[in-house]
Amino acid sequence: GAGVSQSPSNKVTEKGKDVELRCDPISGHTALYWYRQSLGQGLEFLIYFQGNSAPDKSGLPSDRFSAERTGGSVSTLTIQRTQQEDSAVYLCASSPAGTGRQPQHFGDGTRLSIL
Amino acid sequence: SQKIEQNSEALNIQEGKTATLTCNYTNYSPAYLQWYRQDPGRGPVFLLLIRENEKEKRKERLKVTFDTTLKQSLFHITASQPADSATYLCALPDEYAGNNRKLIWGLGTSLAVNP
C-alpha cells in the first residue's frame, strides 16, 4: 500500500526482553517520527529523523530506547530490557521534505504489552 | 512551556447537528495549528492545517478557526454523521519556528454522533 506500515501490529513480551519495532514510511518522505501513546495520554514525541541529518533524540525516555533509520527509509525502534511502564502503542509517522507545515502521515502503530 | 488543552469530556451530539471542539494553548501563538482524527486502534489522520494569519479554513463539512487573541482554535463539523464519531486531536509546533517539525499534541476530545 501507499501508507505508512508498522510491524508487528501487536507484541507481547516478558519484562527484561528486548523488542524491535519496524516502520516503513511513505516512499519519498524524508521526515520520520516515532511517538508513544499510552492510555489517557497524548502523543509523546520520541525521536525524529530528517534526511541525512543527525536525528533529534530529545524525546527518548531512557538509554534503553534507541532508533535507527537505514538508507533514509525503513526505521527500527529498539527497546532494551523492557519494563512494564513501556507498555503503550508506538506510532510512526512520515512527512514530505519541507517545512513543519506538512501534515504527518501515521501508521496504525504497534501495541506493546510487557508482562 | 507550551501546553495544549482540549475538552477532556466526551462530546455527544445528535446526527445533523454541528459539533464544536475546542483547542486552547497557554503560551506563545504558534505559526500554525493542525487537527487530526483518530479512530480506535488506528493512527491519527490529518484533517486541516490553519496558519496564524488565517482566521478560518474550510474543507467540506469541516471548519477550523484560529484566534490568537484568545489563544484558541475551534473545530466545527456541520451536518454531523455517526461516521464522524472519533477522537479529534489538536497539534502545534513545540516552539515558535515556522520550520519546526516537532509537534506537541493535545489529549484529544472524543466525539460521539448519535443517530
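For clarity, every value in this text was computed on a predicted model and none was experimentally measured. (Residues numbered from 1 in each chain as written. Chains lettered and ligands numbered in written order. Predicted model: local features only at pLDDT ≥ 70, side-chain atom pairs only at ≥ 80, totals over all residues. Heavy atoms only, no water.)

Visitor: Pulling in residues and values, what's your account of the interface of chain A and chain B?
Guide: Between chain A and chain B, the contact holds 24 residues from the first and 22 residues from the second. Overall, the association of chain A and chain B removes approximately 1,800 Å² of surface from exposure, summing both partners, and the carbon and sulfur fraction of that is 51%. Linking chain A with chain B are 1 salt bridge. Of the charged contacts, one joins D108 of chain A and R42 of chain B as a salt bridge, the two residues approaching to 2.9 Å between their closest N and O atoms. Taken together, chain A and chain B are joined by 4 residue pairs in polar contact (both at pLDDT 80 or more). Within the residue set of the side of chain A that touches chain B, elements represented by two or more residues are β4 (31-37) and β5 (43-50) of chain A. Residue contributions to the side of chain A that touches chain B peak at 4 residues, all from β5 of chain A. (Contact = heavy atoms within 4.5 Å. Buried area = accessible area lost by both parts, 1.4 Å probe. Salt bridge = Lys/Arg side-chain N within 4 Å of Asp/Glu carboxyl O. Polar contact = N/O pair within 3.5 Å; in protein donor to acceptor, adjacent residues only side chain to side chain. Helix = DSSP H or I, 4+ residues; strand = E, 2+ residues; numbered from the N terminus.)

Visitor: Can you lay out the pairing of strand β4 (residues 32-38) of chain B for me, pointing to particular residues and giving the numbers?
Guide: All names here are of chain B. Burial analysis of β4 places 7 of its 7 residues in the buried class, which makes it a mostly covered element. Residues of β4 alternate between two faces, with Y32, Q34, Y36 and Q38 on one and L33, W35 and R37 on the opposite face, all of them buried. Where β4 and strand β5 (residues 45-51) come together, 6 bridges link them in antiparallel fashion. Counterpart to Y36 in the pairing with β5 is F46. Connecting β4 to the next strand, β5, in antiparallel fashion are 6 residues, including G41 with a positive phi near 75 degrees. Sheet analysis places β4 next to strand β9 (residues 86-93), joined by 5 bridges and oriented antiparallel. Following the sheet pairing, Q38 is matched in β9 by T87. (Buried < 20%, exposed > 50% of the residue type's maximum accessible area, 1.4 Å probe, protein only. Pairing = 2+ DSSP bridges.)

Visitor: Give me the lowdown on the state of the cysteines, citing residues and values where you can.
Guide: One pass over the full model with this rule turns up 2 disulfides over all chains. At a sulfur-sulfur separation of 1.9 Å, the disulfide partner of C23 of chain A is C92 of chain A. The disulfide joining C23 of chain A to C92 of chain A has a torsion of about -65 degrees about its S-S bond and is therefore left-handed. With C23 of chain A in strand β3 (residues 19-24) and C92 of chain A in strand β8 (residues 88-95), this pair connects stretches of sequence that are 69 residues apart. A residue is classified by how much of its surface remains accessible, and C23 of chain A, at 0% relative accessible area, is buried. According to the relative accessible area criterion, C92 of chain A is buried, its value standing at 0%. Two residues, C23 of chain B and C90 of chain B, share a disulfide whose sulfurs are 1.9 Å apart. Since a negative S-S torsion denotes a left-handed disulfide, the C23 of chain B-C90 of chain B link at about -55 degrees is left-handed. (Disulfide = S-S within 2.5 Å.)

Visitor: Now, about the environment of Q2 of chain B: what can you tell me, with residues and values included?
Guide: All names here are of chain B. Looking at where Q2 falls in the secondary structure, it is placed in the segment before β1 (4-6). C-alpha separation for the pair Q2 and R37, spaced 35 residues apart in sequence, amounts to 22 Å. Residue contacts for Q2: discarding those within four places in its chain leaves Y25, T26, N27, Y28, P30, L92 and I104. Polar side-chain contacts of Q2 include one of 3.2 Å to the backbone nitrogen of T26.

Visitor: Would you mind going over the nonpolar core in detail, with residue names and values included?
Guide: One finds L33, W35, F75, I77, Y88 and L111 of chain B to be the most contacted residues of the largest nonpolar core, which totals 23 residues. Of all the secondary-structure elements, those providing two or more residues to this core are β3 (19-25), β4, β5, β7 (62-67), β8 (72-77), β9 and β11 (109-114) of chain B. The residues contacting Y88 of chain B, other than those within four sequence positions of it, are Q6, L21, W35, Y36, R37, L47, F75, I77, G108, T109 and L111 of chain B. Among the nonpolar cores identified, the runner-up in size contains 20 residues, and C23, L32, F49 and L112 of chain A belong to it. (Core = buried A, V, L, I, M, F, W, Y, C linked by side-chain atoms within 4.5 Å.)

Visitor: Could you give me a rundown of the sheet that holds strand β1 (residues 5-7) of chain A, with the residues and numbers involved?
Guide: Residue and element names in this part refer to chain A. The sheet built from 4 strands is open, its strands ordered β1-β3-β7-β6 with antiparallel pairing. Where the open sheet ends on each side, the last strands, each with one partner, are β1 and β6 (65-69). Between one strand axis and the next, the sheet turns through 15 degrees on average, direction left out of account. Summarising the sheet, β1 and β3 pair through 3 bridges and their orientation is antiparallel. Pairing of Q6 across the sheet is with C23, part of β3. (Axes fitted to C-alpha atoms, helices over the stretch in contact; angles between N-to-C directions.)

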